[in-house]
Amino acid sequence: MTNDKHLIFLSFFLAFILIVACRQAPKNSQYISQKVATSDKAMVVAAHPLAVKVGLDILAQGGNAIDAIVGVQFALAVVYPRAGNIGGGGFMLYDEKGKQTTALDFREKAPFGATKNMYLDSLGNPITGLSTKGALASGVPGSVDGLLQALEKYGKLKDRQLVMQGAIDLASNGFAISQNEADRLNKYASDFKTLNNFDFPFVKDGDWKKGDLLKQSLLAKTLQKIQDEGRKGFYEGDCAAAIIQTMADNKGIIVQRDLTRYQAKWKTPIQFSFRGYDISSMPLPSSGGIVLQQILKILEPLPLDSLGFQTAESIHLISEAERSAYENRATYLGDSDFYNVPVELLLSEEYITSMRDGIDREKAQKSNAETVAPSQTLESFQTTHTSIIDEQGNSASLTTTLNSNYGSKLYVREAGFFLNNEMDDFSVKPGVPNTYGLIGAKANEIAPEKRMLSSMTPTIVKKDGEPYLVLGAPGGSTIITAVLQVLLNKTVYGQNLEEAVNACRTHHQWLPDRILLEEGCLSVEARNALKAKGHQLEETKYMAIIKAIHRDADGRLTGVGDPRNPDDHAQGL
Ligand code: GLY
């Protein structure tokens, strides 16, 4: 080749490389996750930098914490599809500056066609996988109604055009996936293919890699419909028809009447004080608030401070309080619109004193139940949480889920999203553990239109009337104890927020009867002393992924995402 020909060839080659690179890497590919941020104005912490950016853009255009959190949730449905969703449900706590804190329940509900024994065979034994994979595993989705109700009631701009456009753009233009997302997609590739007999954006030939473009055109269309028509765009028309078709094709039971009747519910939070802090958390059908209150109130007068951080003595007391509260969870808690849960009694001073008095300082109790609960391998990251404080001092704390990663793995073909597998959070049979090893009783048995018991614990803590901490996490049954430990680390052990979130965690949930520890957590001496008290110890890689914001006395905000999720991101305005 002559020099000229060389140059022409080289130019064509470089142009080709550039075109390929541009096609694989949309403008939004330049994101780096940041775990700690500070700001004097506003803060967003969520599970993906692109979703955080959507929230910050809304705040910058004059939106409040609700406008922003709704935008972040729709964006997470695109960029964090294992848990962000429109096919699932969740809970939100909102503290409007100077007003009462309120709670929103947009948990999925059982379809009309659901029955108490729907996951049991003719001998009364659970059929493996029926409550976790495929159409029968799905509850009626609540996210869209919940987010739109929140926007309508408490948004400042209340503008669907504005808050949803970020998500629509991400779905239609695509985004470059992270290593974390690529790993998850590869892990579930065979489930996606087995459960969905068609091509869709989550299946491809070969493995997913960091930087691959994920475009979701049908999801963009559905989001556009919701943007244009509100809840009708999801619960009626083409999207509803696509859900019902998916059900019909897969022996599912959700019908139009289920979708039409779905309504999110506004509720009074669980509220209590702990050593001078005012805590608001989620009421039933989440167990989060009640269990958190029981544990903290048991611990309040105990000398955790002088016993020391993560000593055998303090972990013993915390674990015994957890054991007792999780036994209550299994025995008494369920959807209080369907079952008479003795909430007042469970939270009364006398009752909590009796729980505290039942703790032996020297010896572990035994968790006894007629149960077939085996040790469970916890599957983390499957839910997701967002914390926001805006410039006016309003705080929003929202946890949402499909339950397992990508929910039931069943994809609504024509509408572009995964359906949840939340039905597994019901007690399918007394004494039989769910995905998280949690067992339940009559209070949480299945009934038409009932909501399944949850552990999601979106929480807002105030001090002297001002927001102090906004936090929550994914992590199934370990959510409550993770929120608890971050609270104790801040309020009892005086750690800064980053230390409080990063510190390793322990967890006891009554059954299985053991303390679960993150790998390497606690000294050898502490472990031996706990064993000497009669505790079984079991290690797991990690538990729950906290996203938290702390506001100091001067109004400065620190946001912290959890290093346990590589994609967690904190950023201030
Ligand atoms: N699906 C997990 C929970 O709600 O606790």
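Residues numbered from 1 in each chain as written. Predicted model: local features only at pLDDT ≥ 70, side-chain atom pairs only at ≥ 80, totals over all residues. Heavy atoms only, no water.

Describing the overall build of the protein chain
- Looking only at helices and strands, the protein chain features 19 helices and 21 strands.
- For 573 residues, the compact-globule estimate of 2.2 N^0.38 gives 25 Å, and the C-alpha radius of gyration of the protein chain, at 24 Å, lies within 12% of that figure.
- In terms of overall dimensions, the protein chain has C-alpha extents of about 85 × 60 × 50 Å along its principal axes.
- Burial analysis of the protein chain (573 residues in total) assigns 61% to the buried set.
- Surface accessibility of the protein chain: about 21,600 Å² in total, with carbon and sulfur atoms responsible for 51%. (Helix = DSSP H or I, 4+ residues; strand = E, 2+ residues; numbered from the N terminus. Rg over C-alpha atoms; globule rule 2.2 N^0.38 Å. Buried < 20%, exposed > 50% of the residue type's maximum accessible area, 1.4 Å probe, protein only. Areas by Shrake-Rupley, 256 points an atom, 1.4 Å probe, with all protein chains shown as cover.)

A closer look at helix H6 (residues 179–187)
- By the burial criterion, the buried members of H6 are Asn-180, Glu-181, Ala-182, Arg-184 and Leu-185.
- Buried residues belonging to H6 abut helix H3 (65–79) and helix H7 (189–195). (Contact = heavy atoms within 4.5 Å.)

What to know about the state of the cysteines
- One pass over the full model with this rule turns up one disulfide.
- In this model Cys-504 forms its disulfide with Cys-521; the gap between the sulfur atoms is 2.0 Å. Disulfide Cys-504-Cys-521: torsion about the S-S bond near 65°, hence right-handed. Taken as a pair, Cys-504 in the loop between helix H18 (497–502) and strand E16 (506–507) and Cys-521 in the loop between strand E17 (515–518) and helix H19 (524–532) lie far apart in primary sequence, 17 residues in all. (Disulfide = S-S within 2.5 Å.)

A look at the site of the ligand
- Neighbouring the ligand are the residues Arg-107, Asn-403, Glu-422, Asp-425, Tyr-436, Ser-454, Ser-455 and Met-456.
- Asn-403 has a polar side-chain atom sitting 2.8 Å from a nitrogen atom of the ligand.
- Residue composition of the shell around the ligand, by class: two nonpolar, three polar and three charged. (Near = heavy atom within 4 Å. Polar contact = N/O pair within 3.5 Å; in protein donor to acceptor, adjacent residues only side chain to side chain. Nonpolar A, V, L, I, M, F, W, Y, C, P; charged D, E, K, R; others polar.)

Details of the nonpolar core
- If you look at the biggest cluster of nonpolar residues, it comprises 84 residues, and the most contacted ones within it are Phe-74, Ile-86, Leu-223 and Phe-417.
- For this core, the element with the highest residue contribution is H3, accounting for twelve residues.
- Ranked by size, the runner-up nonpolar core spans 70 residues in total, among them Leu-284, Leu-299, Ile-359 and Ile-389. (Core = buried A, V, L, I, M, F, W, Y, C linked by side-chain atoms within 4.5 Å.)

What to know about the pairing of strand E8 (residues 270–274)
- Burial along E8 is one-sided: the residues Ile-270, Phe-272 and Phe-274 are buried and none of Gln-271 and Ser-273 is.
- Pairing of E8 with strand E9 (residues 277–281) involves five bridges; the strand directions are antiparallel. In the sheet register, Phe-274 faces E9, and the bridge partner there is Tyr-277.
- The hairpin turn running from E8 into E9, its antiparallel successor, is two residues long, and Arg-275 in that turn takes a positive phi close to 45°. (Pairing = 2+ DSSP bridges.)

Topic: the packing of helix H5 (residues 160–173) against helix H8 (residues 217–229)
- Packing of H5 against H8 brings their axes to within 8 Å, and their N-to-C directions diverge by 170°. Classified by the angle their axes make, H5 and H8 are roughly antiparallel. Across from Arg-160, Gln-161, Met-164, Gln-165, Ala-167, Ile-168, Ala-171 and Ser-172 in H5, the residues of H8 making contact are Ser-217, Ala-220, Leu-223, Gln-224, Ile-226, Gln-227, Asp-228 and Glu-229.
- When the residues that make up the contact of H5 with H8 are grouped by side-chain class, the tally is seven nonpolar, six polar and three charged. (Axes fitted to C-alpha atoms, helices over the stretch in contact; angles between N-to-C directions. Parallel < 35°, antiparallel > 145°, perpendicular 65-115°, else oblique.)

Geometry only, nothing functional implied.
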